[in-house]
Amino acid sequence: ILRSTSGVRSSNPYVYNPDDPDAARTSAVQVLARSGRLKSMIERVNEQLARAPNAIQLHQALADYYKADGQRDKARAEFSTIAKLRPDDANLRYQIANQLVQDNQPAEALEHYKAALKKEPALFARNYYQIQNAFQQANRLEDLIGLFEQLDVKSLGQSYYVTNLIQQVMND
C-alpha cells in the first residue's frame, strides 16, 4: 500500500473516501505506528534519502512517518524541504499549508497558501473556509485580500468566496 500510493494528496483530507488510495496509505502508516515498526521505517527512508536526496516521495513518506510518530517538528522540516525542491507545485504547496494548519501553525501556512493560490487559484475552492480561517488566525486577512487583487477572481469559480471574505472584513 505504501509503495503503490503517492504521498501527494489531491483530495480533501477531511472527507473520507473508501476508494481513495491515500486513505489506505494513512491507515497503513497508522498500523506501522501501532506495531512499533515505524522507527525502523524512518531509519530506512533516511538511508534512502542519503542516496537520493531529491526524491519527493521519500521526503513525503518520511514526513508521514514523523507525523505518525509524533515528531511534528521533523515532519514540518520535511515539508519545508519538499517546498524547496518543488516550489512551483501548487498542489504540493497547498498540501503543505494544510498540514501546517492541522498542526496549529497557521502563520507558517500562509506563504504556502499564497504560493499555491497564485499558481492555481481554483485550489481556494477545495476548502476556502480553512484558508480564510488560517489568514484570520494569523491576523493577516489583508494579505488574502491582496492576493485576490492579484488573481483573476473568475478563476475561483464562485463569487461567494470573495463576497464572504468582504463580509468578514467588514464585520471586523
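Scroll up to find the structure this text is about.
Bear in mind the structure is a predicted one, so any value in this text is a computation, not a measurement.

**Thoughts on the overall build of the protein**
- Looking only at helices and strands, the protein features nine helices and zero strands.
- When the helices and strands of the protein are read in sequence order from the N terminus, they spell out α-α-α-α-α-α-α-α-α.
- Out of the 172 residues in the protein, the part that is buried amounts to 42%.
- In the protein, the proportion of contacts linking residues at least 24 apart, taken out of those at least 6 apart, comes to 53%.
- Summing over all exposed atoms, the protein offers an accessible surface of approximately 9600 Å²; the carbon and sulfur share of this is 48%.

**Topic: the nonpolar core**
- Residues Ile96, Tyr113, Phe124, Ile131, Phe135, Leu144 and Phe148 are the most contacted members of the largest nonpolar core, which totals 32 residues.
- Going through the elements one at a time, α3 (56–68), α4 (72–85), α5 (90–102), α6 (106–119), α7 (128–137), α8 (141–150) and α9 (160–171) are the ones with two or more residues in this core.
- Of all the elements, α5 adds the most residues to this core, at seven residues.
- The residues contacting leucine 144, other than those within four sequence positions of it, are Phe124, Ile131, Gln132, Phe135 and Leu165.

**A closer look at the pattern of salt bridges**
- Overall, the coordinates contain ten salt bridges when judged by the stated rule.
- Arginine 76 serves as the salt-bridge partner of aspartate 103, at 4.0 Å between the closest nitrogen and oxygen. One end of the pair, aspartate 103, is in the loop between α5 and α6; the other, arginine 76, is in helix α4, with 27 residues separating them in the sequence.
- The exposure class of aspartate 103 is buried, given its relative accessible area of 11%.
- Among the ionic pairs, aspartate 143 bridges to arginine 140, the shortest N-O distance being 2.6 Å.
- Overall, aspartate 143 belongs to the partly exposed group, its relative accessible area being 26%.
- Salt bridges sharing partners connect three or more residues here, namely Arg72, Asp73, Arg76 and Asp103.

**Here's the deal with α3**
- With 13 residues, α3 should cover 18 Å at 1.5 Å per step; its first-to-last C-alpha distance of 18 Å lies within 8% of that length.
- Within α3, ten of the 13 residues are buried, leaving the element largely enclosed by the surrounding structure.
- For α3, the full list of buried residues reads Ile56, Leu58, His59, Gln60, Ala61, Leu62, Ala63, Asp64, Tyr65 and Tyr66.
- One or two positions beyond α3, positive phi appears at glycine 70, with a value near 80°.

**Things to note about the packing of aromatic side chains**
- Following the criterion strictly, the structure yields three aromatic pairs and no others.
- A ring pair is formed by tyrosine 94 and tyrosine 113, whose centres lie 5.9 Å apart and whose planes are at 65°; its orientation type is edge-to-face. Of this pair, tyrosine 94 sits in helix α5 while tyrosine 113 sits in helix α6, placing them 19 residues apart in sequence.
- A residue is classified by how much of its surface remains accessible, and tyrosine 94, at 5% relative accessible area, is buried.
- Ring centres of phenylalanine 124 and tyrosine 128 lie 6.3 Å apart, and the angle between their planes is 45°; on these two criteria the pair is classed as tilted.
- Classification of phenylalanine 124 as buried rests on a relative accessible area of 1%.

Criteria and thresholds
Residues numbered from 1 in each chain as written. Predicted model: local features only at pLDDT ≥ 70, side-chain atom pairs only at ≥ 80, totals over all residues. Heavy atoms only, no water. Helix = DSSP H or I, 4+ residues; strand = E, 2+ residues; numbered from the N terminus. Buried < 20%, exposed > 50% of the residue type's maximum accessible area, 1.4 Å probe, protein only. Contact = heavy atoms within 4.5 Å. Areas by Shrake-Rupley, 256 points an atom, 1.4 Å probe, with all protein chains shown as cover. Core = buried A, V, L, I, M, F, W, Y, C linked by side-chain atoms within 4.5 Å. Salt bridge = Lys/Arg side-chain N within 4 Å of Asp/Glu carboxyl O. Expected span 1.5 Å × (residues − 1). Phe/Tyr/Trp six-rings, centres within 6.5 Å; stacked < 30°, edge-to-face > 60°.

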